[in-house]
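# Results of the structural survey
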Amino acid sequence: MHTRRAALAVLAGAASLALTLSACGEDTGGSSSEGGGTIGIALPTRASERWITEGKSVVSDLKAKGYQSKLVYGEDKPQTQVSQIAGLIEQGVDALIIAAIDNKSLNDVLQQAADADIPVISYDRLILGTENVDYYVSFDNEQVGRLQARYIIDKLGLEDGKGPFDIELFAGSPDDNNTKYFFDGAMALLQPFLDSKQLVVRSGQTELSQVTTLRWDGPTAQKRMDGILAESYGSRTVDAVLSPYDGISLGVLAALKSDGYGSGGKPLPVVTGQDAELASVKSIIAGEQSQTIYKDVRLLAEVAADMADDILNDKTPRINSRRAYNNGVKSVPAYLLQPTSVDRTNYDLVLVAGGYYTAAELE
Ligand code: GAL
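What counts, and where the lines are drawn
- Residues numbered from 1 in each chain as written.
- Predicted model: local features only at pLDDT ≥ 70, side-chain atom pairs only at ≥ 80, totals over all residues.
- Heavy atoms only, no water.
- Salt bridge = Lys/Arg side-chain N within 4 Å of Asp/Glu carboxyl O.
- Helix = DSSP H or I, 4+ residues; strand = E, 2+ residues; numbered from the N terminus.
- Buried < 20%, exposed > 50% of the residue type's maximum accessible area, 1.4 Å probe, protein only.
- Near = heavy atom within 4 Å.
- Polar contact = N/O pair within 3.5 Å; in protein donor to acceptor, adjacent residues only side chain to side chain.
- Areas by Shrake-Rupley, 256 points an atom, 1.4 Å probe, with all protein chains shown as cover.
- Domains from an automatic or database assignment.
- Contact = heavy atoms within 4.5 Å.
- Buried area = accessible area lost by both parts, 1.4 Å probe.
- Axes fitted to C-alpha atoms, helices over the stretch in contact; angles between N-to-C directions.
- Left-handed = near helix turned anticlockwise from the far one by under 90°.
- Nonpolar A, V, L, I, M, F, W, Y, C, P; charged D, E, K, R; others polar.
- Core = buried A, V, L, I, M, F, W, Y, C linked by side-chain atoms within 4.5 Å.
- Phe/Tyr/Trp six-rings, centres within 6.5 Å; stacked < 30°, edge-to-face > 60°.
- Lys NZ or Arg CZ within 6 Å of the ring centre and 35° of its normal.

## Remarks on the pattern of salt bridges
The final tally for this structure, using the stated rule, is 16 salt bridges. Put simply, R150 and D154 hold a salt bridge, and the shortest N to O gap is 2.9 Å. Highlighted residues: R150 and D154, both in helix α5 (residues 141-156), separated by four residues, approximately one helical turn. Accessibility expressed as a relative area gives 30% for R150, which makes it partly exposed. Under the relative-accessibility criterion, D154 is labelled partly exposed at 46%.

Set out below in structure tokens:
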């Protein structure tokens, strides 16, 4: 066993023992590296604003700790990401921070990382099927789904016995491990209302395998929504759409609007989302998208940078999740942050006062 990996195995054990002692807050202060080094950061795509924000944040957090970074974007192509990571290993990076495009496609390249003693942090999305992943940093993704479902339940008044209402369900990319967490979290809350028939899915598409959206692509979701409206609705109107991500929400809204929703006495349904992307926050302010889930990705970036710094200084990174995140081969120690539900009533407080957007950006 390589020295660093052996040390990591011991540290991971120590980390889980120390779990009850570790703070659950979001204080992400960490130490500075004495020697510095270079960290490889592999992110999925530039097509979504969050990953651009995070790329910049991780690089600047690492710089503040004395590290250089090499940041690459796989443009949502799993094979491109594999070659990029192989390239980073070749260039001799000291650690890798990876948000996988396809969670199962990285096994071979992560074996190369392990052979070169390069520790790996699974960023936002858990990498599956390999022992060569050391830590996982993300948000509480089931809570994301619960907050989306809770919004629909409250807006429709389901707990007051109202209904029946028509709802359609959308999920994320089938190759992203988060997809299942979001969907399961949401369905745990929605299922009782489907059982009581206060919620009806006219398309009949209720299984995760029927509702996924490859690569979280908005136009793909738009096409699916177009088809559902044409085939299952006729003169009926849909009352709510569970959408896991802002890019999908905007695709769904485009389909709805081209079907006449949002004007002439045909109101838009409740549409959820995630990531508080600029276009979606503007849509919320304009009264179109109903809600999004805000995740302060600046904190996620900071935790990842701290973890890399700790690992490279032979310190135990802080973890705060009691739950073991089993990736099919091992339990990966995790640090999870909390998401926040945002709509027209609180975007100002959460996003503007919180410094995520300026008021001018939202105009
Ligand atoms: C997920 C992530 C979401 C969203 C989505 C599409 O893995 O957790 O917040 O960003 O990818 O990029």
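## Some remarks on the site of the ligand
The environment of the ligand is formed by R50, W51, D124, R125, D176, N178, F182, W216, Y245, Q274, D275 and K295. Interatomic distance of 2.7 Å between a side-chain N/O atom of R125 and an oxygen atom of the ligand. K295 places a side-chain nitrogen or oxygen 2.7 Å from an oxygen atom of the ligand. Taking 300 Å² as the accessible area of the ligand by itself, protein coverage stands at 98%. Counting residues per element, the ones that place at least two in the shell around the ligand are α2 (49-64) and α6 (177-195).

## With respect to the domain arrangement of the protein chain
For the protein chain, the assigned domains read domain 1 (3-133 + 296-332) and domain 2 (141-294 + 344-349 + 357-362). For domain 1 versus domain 2, the separation of C-alpha centres amounts to 31 Å. If you look at the interface, domain 1 gives 16 residues, while domain 2 gives 16 residues. In total, domain 1 and domain 2 occlude about 1300 Å² of area from one another, counting both sides; carbon and sulfur atoms represent 34% of this. On inspection of domain 1 and its partner domain 2, the count reaches three salt bridges. The residue R50 makes a salt bridge to D275 at a minimum N-O spacing of 3.8 Å. Inspection of the region where domain 1 meets domain 2 yields twelve residue pairs in polar contact (both at pLDDT 80 or more).

## Points about the side chain of N320
Note that N320 resides in the loop between α11 (297-312) and β11 (325-326). For N320, the side chain forms a polar contact with the main-chain nitrogen of L336, separated by 2.8 Å.

## Quick look at the packing of α5 against α6
Remark: α5 packs on α6, axes separated minimally by 7 Å, with the N-to-C direction vectors making an angle of 35°. As α5 packs across α6, the resulting crossing turns out to be right-handed. In this structure, α5 contributes N141, E142, V144, G145, R146, A149, R150, I152 and I153 to the contact, and α6 contributes N178, Y181, F182, G185, A186, L189, L190 and F193. Of the residues that constitute the contact of α5 with α6, the class distribution is ten nonpolar, four polar and three charged.

## Some points on the nonpolar core
Membership of the largest hydrophobic core comes to 39 residues, with the highest contact counts inside it found for I39, L62, I97, Y123, V137, M307 and L351. In contact with M307, not counting residues within four places along its chain, are I121, Y135, Y136, V137, P317, R318, I319 and Y335.

## Topic: the packing of aromatic side chains
Geometrically, a pair of aromatic rings is defined through the distance of the ring centres and the angle of the planes. By the definition in use, this model includes six aromatic pairs. Ring geometry for Y181 and Y325: centres 6.0 Å apart, planes at 90°, overall edge-to-face. Note that Y181 is positioned in helix α6 and Y325 in strand β11, a separation of 144 residues in sequence. With respect to class, Y181 is no different from Y325; both count as buried. An angle of 70° between the planes, with centres 4.8 Å apart, marks the rings of Y294 and Y356 as edge-to-face. Highlighted residues: Y294 in strand β10 (residues 291-294) and Y356 in the segment after α12 (347-352), separated in sequence by 62 residues. Of the two residues, Y294 and Y356, both sit in the buried class. Every member of this aromatic cluster is reached through a ring pair, and the members are Y136, Y181 and Y325. Positioned over the ring face of W51 is R50, at 3.9 Å from the centre of the ring. The ring of F170 is capped by R224, whose NZ or CZ atom sits 4.4 Å from the centre of that ring.

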